[in-house]
Amino acid sequence: MKMTFRWYGSNSDNITLKQIRQIPGMSGLMGVLDDKAAGEVWEDDEIRAYMDEVHAAGLACEVIESVNIHEDIKLGLPSRDKYIENYNITIRNLAKYGVKVIVYNFMPVFDWLRTDLAHVIEEDGSNSLYFNEKDLGEMTPLEIVQRTAENANGFSLPGWEPARLKELENTLDAYKNVTPDDLRANYKYFLDAVIPVCEETGVRMAVHPDDPAWPIFGLPRIAHTAEDFDKIVALNDSPANAICLCTGSLGSNPDNDIPAIIRHFGAMNRIGCLHIRNIKHLGYHLFRETAHLSAAGDLDLYEIMKAVHDTCPDTYIRPDHGRMIWDEVGRPGYGLYDRALGAAYLNGLWEAIEKSAR
Ligand SMILES: [Mn+2]
């Protein structure tokens with residue numbers, strides 16, 4: 001297992017590489033070029049500059065996140081071929097700098113959705129991301145996106161880039177007649193075009209689950225249950241067609257048995273990496289994010305780490321969203337302190353699992 005940390009780059013993250021390097025057991029990053037729009041080529045010199053900075057800090061970067069898929073690909077429009085070609089150029093460019101896994105999603109329009117980015121947790125005064133479907137109420141998707149942007153402490157949030165907001169209503173309209181099967185057919189077209197390039201360059205595509213793990217705003221969503229992922233891995237039968245198993249995204253639905261899902265896809269060699277965090281279920285389509293500790297939420301992090309240990313021990317993991325604690329002001333979900341505590345905790349579980357397995 002390689003422990004990693006999400007970092008947005010020195011232009012858009014207030015956390016430094018030096019701070020990340022000082023977290024015990026931190027081997028590297030799940031990196032991102034934060035200013036790239038979906039469909040754009042990640043140029044060789046941009047990747048080199050990012051990697052040089054990361055390597056100079058003593059960290060590796062073998063996983064890259066948020067190489068976003070252009071909506072035209074998801075919608076299956078004729079213009080998709082141009083964007084798929086760009087995607088393949090990006091895969092080749094990333095591979096040159098040692099990238100082994102690319103995290104992406106195939107969700108229409110919304111990467112993830114919360115109704116409160118700083119929900120105060122009564123017991124200790126920390127705050128975390130929160131979702132209550134009832135709060136969506138009469139709000140339109142545009143209103144929700146605007147409110148999310150206003151509450152992000154001045155940071156852009158993955159999936160809510162200002163450039164995408166202008167097109168929101170048109171894009172929502174374009175999905176009106178797209179069924180889940182249509183979306184899967186467009187997905188297969190994309191995979192069949194990029195997976196051969198991945199196989200040639202030694203890169204794995206790792207798809208992130210829908211978050212929350214159910215359909216929203218009537219949009220087709222095809223990645224939030226074990227059955228969904230069975231269909232996805234069957235779309236292209238290559239280990240390069242893999243999953244970024246996000247415990248918190250899938251875990252937002254209490255019906256998803258996360259350790260069992262890890263064991264199922266780990267044994268199939270279809271897990272490219274994992275995001276690990278905990279969730280507290282508060283009601284129907286109502287949850288908040290918690291500290292990583294099992295006792296803080298409803299997921300069993302020991303069983304999760306054990307499933308990783310038993311079925312995909314060489315994978316990359318990172319502590320996913322944390323709470324805001326110790327008066328930190330930062331990007332919602334992506335502060336330094338609680339994610340560092342999460343990494344230390346997950347490393348502790350791992351050491352105990354490894355030693356007791358000997
Ligand atoms: Mn995630």
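Keep in mind the model is a prediction, meaning the values are calculated, not measured. (Residues numbered from 1 in each chain as written. Predicted model: local features only at pLDDT ≥ 70, side-chain atom pairs only at ≥ 80, totals over all residues.)

Trainee: Could you clarify how one ought to interpret the nonpolar core in this entry?
Mentor: Nonpolar side chains in soluble globular proteins tend to be buried together. Residues I102, M205 and A206 are the most contacted members of the largest nonpolar core, which totals 94 residues. When residues of this core are assigned to their parent elements, the largest contribution, 7 residues, is made by helix 9 (residues 180-201). Dropping the residues within four chain positions of it, M205 is found in contact with I102, Y104, V194, I195, C198, A240, N241 and A242. (Core = buried A, V, L, I, M, F, W, Y, C linked by C-beta atoms within 7 Å. Buried ≥ 20, exposed ≤ 12 C-beta atoms within 10 Å, placed from the backbone. Helix = DSSP H or I, 4+ residues; strand = E, 2+ residues; numbered from the N terminus. Contact = placed C-beta atoms within 7 Å.)

Trainee: Please explain the pairing of strand 6 (residues 127-132) as it appears in this structure.
Mentor: Both faces of the sheet carry side chains from a regular strand, because those side chains alternate between them. Taken together, the 3 bridges between strand 5 (residues 116-120) and strand 6 define a ladder with antiparallel strand orientation. What sits directly across from D116, in strand 6, is Y130. Where strand 5 folds back onto strand 6 in an antiparallel hairpin, the turn is made up of 6 residues, including G125, whose phi is positive at roughly 75 degrees. (Pairing = 2+ DSSP bridges.)

Trainee: What exactly am I supposed to notice about the environment of I144 here?
Mentor: Within the secondary structure, I144 is located in helix 6 (residues 141-150). C-beta crowding within 10 Å serves as the criterion here: with 19 such atoms nearby, I144 is assigned to the partly exposed category. Distance in space between the C-alpha atoms of I144 and L250 is 22 Å, their sequence separation being 106 residues. If we ignore the near neighbours within four places in the chain, the residues touching I144 are L136 and M139.

Trainee: Quick question: what am I supposed to make of unusual backbone geometry here?
Mentor: Peptide bonds are, in most cases, trans, and in most cases residues other than glycine have a negative phi. Of the consecutive residues D211 and P212, the connecting peptide bond is found in the cis state with omega at 0 degrees. The topology assignment puts P212 in the loop between strand 7 (204-207) and helix 10 (226-235). For V109, which is not a glycine, the phi torsion comes out positive at approximately 65 degrees. Within the fold, V109 resides in the loop between strand 4 (101-104) and strand 5. In this model, N269 sits at a positive phi of 60 degrees, which is unusual for a non-glycine residue. Relative to the elements of secondary structure, N269 occurs in the loop between helix 12 (258-267) and strand 9 (271-276). A tally of 13 C-beta atoms within 10 Å means that N269 is categorised as partly exposed.

Trainee: For this particular structure, what's the right way to read helix 14 (residues 337-357)?
Mentor: Here helix 14 is 21 residues long and its end C-alpha atoms lie 30 Å apart, about the 30 Å a rise of 1.5 Å per residue gives. Of all the positions in helix 14, only D338, R339, A340, G342, A343, L346 and L349 are classed as buried. For helix 14, the elements touching its buried residues are strand 1 (2-7), strand 9, helix 13 (301-311) and strand 12 (316-319). (Expected span 1.5 Å × (residues − 1).)

Trainee: Help me understand the environment of L33, please; the structure alone is not making it clear to me.
Mentor: Mapped onto the elements of the fold, L33 is located in the loop between strand 2 (28-31) and helix 2 (44-56). Residue L33 is classed as buried on the basis of its C-beta count, with 22 C-beta atoms lying within 10 Å. Placed 32 residues apart in sequence, L33 and E65 show a C-alpha to C-alpha distance of 8.4 Å. With sequence-adjacent residues up to four places away left out, L33 is seen in contact with G9, W42, E46 and Y50.

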